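Understanding the architecture of this molecule
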Number of protein chains: 2
Amino acid sequence: MSSPVTRNDVARYAGVSTAVVSYVVNDGPRAVSPQARERVLEAIRVLGYRPNATARALRTGSTQTFGLITPDGGNPLFAELAKAIDKAAAERGYVVLQTSADGDPETERTKVAQLLARQVSGLVLVTPTEAPDLSGADVPVVVVNRLLPGVSSVSPRYREGARAAVEHLAGHGHTRIALVIGEGGRRVPERERGWREGLRAAGLPDGPAIRVGFRREGGYLAGQWLVGLEERPTAVFASSDLQAIGLLRALREAGLRVPADVAVVAFDGTPEAEYSWPPLTVVRQPVERMAAEVVRQLVEGTVGEPTAYPTELVVRKSCGC
Amino acid sequence: MSSPVTRNDVARYAGVSTAVVSYVVNDGPRAVSPQARERVLEAIRVLGYRPNATARALRTGSTQTFGLITPDGGNPLFAELAKAIDKAAAERGYVVLQTSADGDPETERTKVAQLLARQVSGLVLVTPTEAPDLSGADVPVVVVNRLLPGVSSVSPRYREGARAAVEHLAGHGHTRIALVIGEGGRRVPERERGWREGLRAAGLPDGPAIRVGFRREGGYLAGQWLVGLEERPTAVFASSDLQAIGLLRALREAGLRVPADVAVVAFDGTPEAEYSWPPLTVVRQPVERMAAEVVRQLVEGTVGEPTAYPTELVVRKSCGC
DNA sequence: TTGAAAGCGGTACCAG
DNA sequence: CTGGTACCGCTTTCAA
């Protein structure tokens, strides 16, 4: 704790004008004599001067900062995504300010407003439901996880990935393949479509489906429902790793073995899924590619076409391979 | 995307001075006539005016914002902590800007500088190692997870918690109790001391100990080391949930059962530990209490005494109860 | 190569 | 109750 040192203090100490201090700090836009530069640098060192980014932003109109809002900080997928976005942004000289909406649309709205008020240079909205009204935003916004017409948005190819998962399961000879899908949005989720498509492609009828929360508890609930079914499915596609983790628990408690009694494939591909028992076969989200694209669109300020990136099936133990 | 609306535009539209706009927006410090207020509110609505927090911060000298740096966004413990801090801060009208240092001291330094440059009103540093030089900071800083003399810091009672875990294990009749401890810092970790104390209190000799990363891979490595030991311990205390998860995997792969062959207790108590197989008995960190205290100290600007909060043993299946 | 000064968007004092 | 205005820290043009 000490009183803040300003550019004025530095100028006075170095015996130059504030303009010169600015030239030195920013390495431009005017040249500075070696002597003056040295004196300024010395002053900065001695005084412990740190430029005020707030003032700079006010003057230049740019904060060189992106805001990132995820639906749930506790979901490892979003943690991974945040990390990847942070990395990609840092490479371009931007700072990412992260915050979580905790799955609450009201909170999400508040966070969006707070970030915009802070004059972020761009906003990343990871949202499981509908995106809030962004019409007031005067900065580029990229929505992740949901393709929105007219808005820059990136997502994995949910449908294709889900379908691949189901076809893989069907390839193991399963004929009753259930779906555990997440809540949110009112349209039919892409992953549900993919599941259905996979079933069709394999000539199978729809299996039972249940809608639950995206987290472990949701999967656990789904599992309890599933084991109580008259015609129990022999395979399940879960729309998130976390759900699959909860599902595994419910199956275990019911004395069912995975994959012997019930095979499982999950969507996401987070580290947690690798350490579950059995290790989960997953449809891996293209986190790095999406992050790179998000940052690219933010930096270039282009309203990109909604784009979906291919997923990858990572085979482990839970599918019965 | 539209051009930014400023207070000037609002004043002009409403036919008042900028001062009056300010009084309306901030509900003070001067009274405004109902008519003027109504006109201003109307102008704000029509124009879609959003106050520029950057300018406000510059003028008032306060951003009403806290910075939070965690060592690893992927660790559920820190996600929980971030959420709790965010909640506590929001109740006091503060916004929390979160970022992760990814376990790299260099990155941590950078992030600290970036946050300070953005004039945060306070900084929370969750750090597994030594804290960086904070002498330049002119705002309150609270360190979490490590008690530092002369710096506001909060942490769980690591030693006490670890000791309770070990004594619990000893109470089950185990006599060879191993330690899996995290890397970082150069002092003897508190959790290691607690483990040793617990052993002493039970009249047991030191068990084998290994230092590995705090995450799943670290625990996995530790597990592989452990199963190869000549005199294999029958119980393990792991310094984080994630390590225990990795440990479980290694034990399973070696054909060992938990808790029958090896009992496990972990430190942290995150949701992930509840869904592992078997569910982990854990020493639960007092996340909410710590978060509340962190925010209190930041808001009040007091350099608090380093304080440690009691943990709680949560008994599940992995200990053999 | 340097300095003076305007102005970014707000706040709040002072005078009316 | 309201308007005019100085100022927060910084950038950058313009003139010297």
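Residues numbered from 1 in each chain as written. Chains lettered and ligands numbered in written order. Predicted model: local features only at pLDDT ≥ 70, side-chain atom pairs only at ≥ 80, totals over all residues. Heavy atoms only, no water.

An unreviewed UniProt entry lists chain A under the name LacI family transcriptional regulator, with Kribbella albertanoniae as the source organism.

Residue and element names in this part refer to chain A. Evaluation of the coordinates by the stated rule reveals 48 salt bridges over all chains. For arginine 159, the salt bridge goes to glutamate 197, with nearest N and O atoms at 2.6 Å. Here the residue arginine 159 occupies a position in helix H7 (residues 158-171), and glutamate 197 occupies one in helix H8 (residues 190-201), the gap between them amounting to 38 residues. Take arginine 159: its relative accessible area is 36%, and that puts it in the partly exposed class. The exposure class assigned to glutamate 197 is partly exposed, which follows from its relative accessible area of 26%. (Salt bridge = Lys/Arg side-chain N within 4 Å of Asp/Glu carboxyl O. Helix = DSSP H or I, 4+ residues; strand = E, 2+ residues; numbered from the N terminus. Buried < 20%, exposed > 50% of the residue type's maximum accessible area, 1.4 Å probe, protein only.)

All names here are of chain B. Spatially, the 6 strands line up as an open sheet ordered E7-E6-E8-E9-E10-E12, and their pairing is mixed. Looking along the sheet, the strands with just one partner apiece sit at the ends: strand E7 (209-212) and strand E12 (312-314). Each strand axis lies, on average, 20° off the axis of its neighbour in the sheet, ignoring direction. Bridge analysis of strand E10 (residues 281-284) against E12 gives 3 bridges, and the strand direction is antiparallel. Counted as the bridge partner of valine 283 is leucine 313 from E12. Set on the sheet, helix H8 (residues 190-201) makes contact with strand E6 (177-182), E7, strand E8 (235-238) and strand E9 (263-268); between it and E6 the angle comes to about 170°. (Pairing = 2+ DSSP bridges. Axes fitted to C-alpha atoms, helices over the stretch in contact; angles between N-to-C directions. Contact = heavy atoms within 4.5 Å.)

Moving on to the interface of chain A and chain B. Across the boundary between the two partners, chain A contributes 51 residues, which contact 51 residues of chain B. A buried area of about 4600 Å², summed over both sides, lies between chain A and chain B, and 53% of it is on carbon and sulfur atoms. Along the contact surface separating chain A from chain B lie 4 salt bridges. With a shortest N-O distance of 3.8 Å, lysine 83 of chain B and aspartate 102 of chain A are connected by a salt bridge. In this structure, the connection of chain A to chain B is made through 9 residue pairs in polar contact (both at pLDDT 80 or more). Split into classes, the residues belonging to the side of chain A that touches chain B amount to 22 nonpolar, 16 polar and 13 charged. (Buried area = accessible area lost by both parts, 1.4 Å probe. Polar contact = N/O pair within 3.5 Å; in protein donor to acceptor, adjacent residues only side chain to side chain. Nonpolar A, V, L, I, M, F, W, Y, C, P; charged D, E, K, R; others polar.)

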